[in-house]
Amino acid sequence: MIIKRVTNKGQIDTIENLAYEIWYQHYTPIIGKQQVEYMLEKFQSVEAMTEQIKNCFLYFLTLDDNVPVGYMSVELLSKTLFLSKFYVTEAERGKGYGKTMITYLEALAKEKNLNKISLTVNKYNTGSIKMYEKVGFVISGSVVQEIGEGFIMDDYQMEKRL
């Protein structure tokens, strides 16, 4: 398995394709098709990701035998690595990719002298919450955010101290 920092449009295109595959499958039962479509366009389109990268978000593509199996995105804050996006394809979940990706982020955070990793996760995304807890994250709060078009994100805040 290789984790590569995203540096070109071809890689961003690959992530957009992964996002569409993962989001429709995983999130439609949780938040509905309309919100999935809205969030993909707003946060995971090539244009949105290109803008995020310009604004200091780092994207990483996870490959196994040169086949994309997941991706993640982080923002480096003053004392925290904020994990903005963290996804593995359905066929590859439960095979250790998530744990390896978290280990990679822990090393990145330590390299940048950051003392914790934080994230938000949908309160009904129970499988992901269990995975985060398994690798050492704890629920530290909750937040409800309006994201436009009448949609909200109803999330737990989670963190892992390093």
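Residues numbered from 1 in each chain as written. Predicted model: local features only at pLDDT ≥ 70, side-chain atom pairs only at ≥ 80, totals over all residues. Heavy atoms only, no water.

Engineer: Break down the sheet that holds strand β3 (residues 67–76) for me, citing the residues and quoting the values.
Structural biologist: Spatial ordering of the open sheet is given by β1-β2-β3-β4-β5-β7-β6, a layout of seven strands whose pairing is mixed. Each end of this open sheet is capped by a strand with a single partner; those strands are β1 (2–5) and β6 (138–148). Put simply, the sheet's adjacent strands are angled 30° from each other on average, direction ignored. Both β1 and strand β2 (residues 57–64) contribute to a ladder of four bridges, which runs antiparallel. The residue bridging K4 from the neighbouring strand is L61, located in β2. Strands β2, β3, β4 (80–88), β6 and β7 (151–161) of the sheet are contacted by helix α2 (residues 33–44), whose axis makes an angle of about 90° with β6. (Pairing = 2+ DSSP bridges. Helix = DSSP H or I, 4+ residues; strand = E, 2+ residues; numbered from the N terminus. Axes fitted to C-alpha atoms, helices over the stretch in contact; angles between N-to-C directions. Contact = heavy atoms within 4.5 Å.)

Engineer: Tell me about the packing of aromatic side chains, and name the residues and values.
Structural biologist: Taken as a whole, this structure holds nine aromatic pairs when the rule is applied. Seen from their ring centres, W23 and Y27 are 4.6 Å apart, and the 40° between their planes marks the pair as tilted. With W23 and Y27 both in helix α1 (residues 9–31), this residue pair falls four residues apart, about one helical turn. No difference in accessibility class separates W23 from Y27, as the two residues are buried. Ring centres of Y132 and F137 lie 5.5 Å apart, and the angle between their planes is 65°; this geometry places the pair in the edge-to-face category. Given a relative accessible area of 6%, Y132 falls into the buried group. Classification of F137 by relative accessible area gives buried; the value is 2%. (Phe/Tyr/Trp six-rings, centres within 6.5 Å; stacked < 30°, edge-to-face > 60°. Buried < 20%, exposed > 50% of the residue type's maximum accessible area, 1.4 Å probe, protein only.)

Engineer: Go over the packing of α1 against helix α3 (residues 46–54) with me, naming the residues and quoting the values.
Structural biologist: Running from amino to carboxyl end, α1 crosses α3 at an angle of 125°, the nearest separation of the two axes being 9 Å. By the angle class used here, α1 and α3 are oblique. By crossing handedness, the relation of α1 to α3 is classed as right-handed. Along the contact surface, α1 presents K9, I12, D13, I15 and E16, while α3 presents V46, M49, T50 and I53. (Parallel < 35°, antiparallel > 145°, perpendicular 65-115°, else oblique. Left-handed = near helix turned anticlockwise from the far one by under 90°.)

Engineer: So what's going on with the side chain of N125? Which residues, and what values?
Structural biologist: Take N125: it is sitting in the loop between β5 (116–122) and α5 (126–134). Judged by its relative accessible area of 2%, N125 falls in the buried class. Within the local environment of N125, its side chain forms a polar contact with the side chain of Y27, the two groups lying 3.3 Å apart. Ignoring any residue separated from it by four or fewer positions in sequence, one finds N125 in contact with H26, Y27 and I30. (Polar contact = N/O pair within 3.5 Å; in protein donor to acceptor, adjacent residues only side chain to side chain.)

Engineer: Can you explain α3? Please cite residues and give values.
Structural biologist: For α3, the set of buried residues is V46, A48, M49 and Q52. Looking down the long axis of α3, one finds its buried residues gathered within 165° of arc, a one-sided arrangement. Within α3, the exposed residues directed more than 90 degrees away from the buried face are E47 and K54. The inward-facing, buried residues of α3 abut α1, α2, β2 and β4. One or two positions beyond α3, positive phi appears at C56, with a value near 80°. (Arc of directions from axis to C-beta.)

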